[in-house]
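Examining the three-dimensional arrangement
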Amino acid sequence: MCGIVGVVSNKDVNQKLLNGLANLEYRGYDSVGMCFIYNKNFRIKKGVGKLEEVHKKVNFLKFPGNIGIAHCRWSTHGGVTEKNAHPHVDCTNKISVVHNGIIENYSELKVELMKKGHKFNSETDTEVIAHLIEENLKGHKIEDSIKLALKKIEGSYALGILFADEPEKLIAARNESPLIIGIGDNENFIASDVPSILDYTKKIVYLEDREMAVLTKDKVSIFDLDGNLKNKIINIIKWDAAAAQKSGYRHFMLKEIYEQPRAIADTLNERIRNNNVVFEKEFALTNEFLKKIKRIIIVACGTSWHASLVGEFMLEELAKIPVEVEYASEFRYRHPILDKDTLIIAVSQSGETADTIAALKEAKNYGVKTLSICNVMGSSITRISDGVIYTRAGPEIGVASTKAFTTQLAVMYLFTILLSKLKKTLNDKQIKDMIDGIRKIPLQLQSVLDEDGEILKCAELYHQKLNSIYLGRGVNFPIALEGALKLKEVSYIHAEGYPAAEMKHGPIALIDKNMPVVLIAPHDIYTYKKVLGNIEEVKARGGIIIAIATEGDKEIPKKAKHTIFIPKTLYTLSSILAVVPLQLLAYHIADKLGRDIDKPRSLAKTVTVE
Ligand code: F6R
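Quick caveat, the model's predicted, so the values are computed rather than measured. Each chain has its residues counted from 1, running along the sequence as written. Only residues with pLDDT of at least 70 are given local features in this predicted model, and only at 80 or more are side-chain atom pairs given and counted; all residues enter the totals for whole chains, interfaces and linings. Each side-chain value is derived from all of the structure's non-hydrogen atoms; neither hydrogens nor water enter the calculation.

**A short note on helix α11 (residues 354–365)**
In an α-helix, one turn spans 3.6 residues, which is why side chains three or four residues apart end up on the same side. Condition: By the criteria applied, helices consist of DSSP H or I runs no shorter than four residues and strands consist of E runs no shorter than two, each listed in order from the N terminus. By definition here, a helix of n residues has an expected span of 1.5 Å times n minus one. Relative accessible area decides the class of each residue, using a 1.4 Å probe on protein chains only: under 20% of the type maximum gives buried, over 50% gives exposed, and in between gives partly exposed.
Look at α11: 17 Å from first C-alpha to last across 12 residues, which is about the 16 Å you get at 1.5 Å a residue. Extensive coverage of α11 is indicated by the burial of nine of its 12 residues. Every buried residue belonging to α11 is among Ala 354, Asp 355, Thr 356, Ile 357, Ala 358, Ala 359, Leu 360, Glu 362 and Ala 363, and all of these are buried. Among the residues trailing α11, Gly 367 stands out with phi positive, at a value near 75°.

Put into structure tokens, the structure is as follows:
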């Protein structure tokens, strides 16, 4: 997925590049590199490993220069080696490129360029870009050479490009990979995301697909690939730079778990008025349209897909609208049957997940209305969709998503209330009960966080186990999936999430005295009794039962080895409370195992390649 940052300034840029990369490292951490121009020469420093390790070896701060580009890599083409680390240069060592994305036709281009005498240094797809520009430079100016190169490459890219001979110019381009421009005082920036440069500027311009930008320290010009100048809006970002710091927590994941009461409160703030749900103007969908919707399809990936499954449950149960939840990566290659009464919802923390963007675009090809639920203002998904509801989780840096998930559930719940009201599937009293329920959630979350002692005890006892099973039913089946995903991601322990009753159709064979089984069993009128039965089945086979139960439950503690209590709430809202102990359990187990929690192996926060 890779992270990119670049600065052109009237001062040395090394510290800013270093800070920028440190904030972007969640995007990729197998190697890093920087390129500065000093006296019209490149100084390129790179190495394999995380930023801290490479910086210890090369000390990026030793290198002066008022212009530079930097990159942290999540490898796609070519192994994790110093040669494959970015930046990549052309044969003359005059063009230097950092890239996030995938050049799909790079093999053909490479053969073509090699025939023309170009020598390649790496196995990456990126290097062809430097050589292509070099080739075009033979008859064209720099900007035109880049435009021609971009017209020839197929695939996704966010690029930062330097020319040794033009040391006052930083060039950027994007297609289907995120890239933003930051406007500073006597300096300008490019970056893969907003938080990486928030310390230096809050003025952001979003590059669109197939746009290119030329930055000097005091000017930014943006063009399309035919050279037409584009008029762009400068967005003022409200996020505070401190929100993207660890604030005394050992890991971002822990900080973000603990931020959930605040994140949910912010997500609700000003959206509930006189027992009505009111979204801001970006929501953009009219009541007239919403009343007509006959079907909803939700597209998402990973944790956001789990949130969508909870959304499906809420919307069908309460607003009585048929909902399908699709993996965005599957939806994009199907030929869905869509009509004008279908609403497509894309759910994404980052707003930059390649498959979710592609699924949205596929839906738009059918002319259907689209809504996104997203955490990052101005991200690609929000710009493509007709309407947006922002989760207000604030920057989520930990690779394992936590507060974004619970705020997605809160937004799904608010949207369900809105639709239930418009479609008159619930009466005023029911709507009021729903609103009262969600208003209590921030405080109730705080009390779930206070259960951390018992969760830590489970982590101490079971962090050496090699497998585990998570079971839930109804609205809490997706929570079982999410709990298992969190554990896999940060601890590397194998975990399976299942609907509790489905256990009998296979996974039960795995249960013995070495198997921790996490059962999500809040007290409800729907499935509680059935889950009690499932607990007995696990117990009969010697499984180690860790149960999530409602405060005051007398039955479950008799059967489970450990019981973690969540406050009483409405059934649909139990999912928001139940997931938190599972996030903490994954965190503590990973911590006991000494895992790199904020940068788990092979993962990247934003999956901008398909
Ligand atoms: C898991 C996780 C991923 C993301 C997925 C989608 O903890 O973070 O599974 O949920 O990559 O990302 P977004 O929501 O940014 O589209």
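Let's pick the thread back up.
**Some remarks on the pattern of salt bridges**
What counts, and what does not: Should a side-chain nitrogen of Lys or Arg be within 4 Å of a carboxyl oxygen of Asp or Glu, the pair is scored as a salt bridge.
Applying the stated criterion to the full structure yields 39 salt bridges. Across the pair Glu 282 and Lys 281 runs a salt bridge, and its minimum N-O distance is 3.9 Å. Each member of the salt-bridge network shares a partner with another, and the members are Lys 255, Glu 259, Arg 262, Asp 266 and Lys 403.

**Comments concerning the domain arrangement of the protein**
How we decide: Residue ranges for the domains originate in an automatic or database domain assignment. Buried area is understood as the total, over both parts, of accessible area removed when two parts are fitted together, assessed with a 1.4 Å probe.
Under the domain assignment used here, the protein contains domain 1 (3–243), domain 2 (246–445) and domain 3 (453–592). Surface buried jointly by domain 2 and domain 3 totals about 2500 Å² across both partners, of which 74% is contributed by carbon and sulfur atoms. The largest share of the area that domain 2 buries against domain 3 comes from His 306, Phe 313 and Gln 444, three residues that together contribute 21% of it. Counting across the interface, domain 2 meets domain 3 through one salt bridge.

**Some points on the environment of Ser 31**
The condition is simple: By the convention used here, residues are in contact when the closest approach between their heavy atoms is within 4.5 Å. For the purposes of these results, a polar contact is taken to be a pair of N or O atoms within 3.5 Å, where, inside protein, one atom must be able to donate a hydrogen and its partner to accept one; residues adjacent in sequence count only when each atom of the pair is a side-chain atom.
Locating Ser 31 in the fold gives a position in strand β2 (residues 31–38). Sequence separation of Ser 31 and Arg 73 is 42 residues, and the distance between their C-alpha atoms is 5.3 Å. Look past the residues within four positions of Ser 31 in its chain and what remains in contact with it is Gly 47, Val 48, Gly 49, His 71, Cys 72, Arg 73 and Ala 85. Within the structure, Ser 31 has its side chain in polar contact with the side chain of Asp 30 (distance 3.4 Å).

**Things to note about the nonpolar core**
Applied cut-off: Remark: nonpolar core denotes a set of buried residues (Ala, Val, Leu, Ile, Met, Phe, Trp, Tyr, Cys) joined through side-chain atoms within 4.5 Å.
One finds Leu 290, Ile 296 and Phe 415 to be the most contacted residues of the largest nonpolar core, which totals 91 residues. Structurally, this core is a two-domain feature, drawing no fewer than three residues from each of domain 2 (246–445) and domain 3 (453–592). Apart from residues lying up to four places away in sequence, Leu 290 is in contact with Phe 283, Leu 285, Phe 415, Leu 418, Leu 419, Leu 422 and Lys 423. Of all hydrophobic cores here, the second largest spans 31 residues; its members include Val 7, Tyr 26, Val 32 and Ala 191.

**A short note on the side chain of Glu 143**
Of note, Glu 143 is situated in helix α5 (residues 142–152). You can call Glu 143 buried: its relative accessible area is 18%. Polar contacts involving the side chain of Glu 143 include one to the side chain of Lys 169, which spans 3.0 Å. Look past the residues within four positions of Glu 143 in its chain and what remains in contact with it is Lys 169, Ile 171, Met 212 and Val 214.

**Section: unusual backbone geometry**
The omega torsion of the bond from His 86 to Pro 87 falls at 0°, within 30 degrees of zero and hence cis. Along the chain, the position of Pro 87 falls in the loop between β4 (67–73) and β5 (88–89). Not every positive phi belongs to a glycine, and Glu 176 is a case in point at roughly 60°. With respect to the helices and strands, the residue Glu 176 is situated in the loop between β8 (170–175) and β9 (180–183). Here Glu 176 falls in the partly exposed class, since its relative accessible area comes to 39%. For Arg 210, which is not glycine, the phi torsion reads 60° and is therefore positive. Residue Arg 210 is classed as partly exposed on the basis of its relative accessible area, which comes to 32%.

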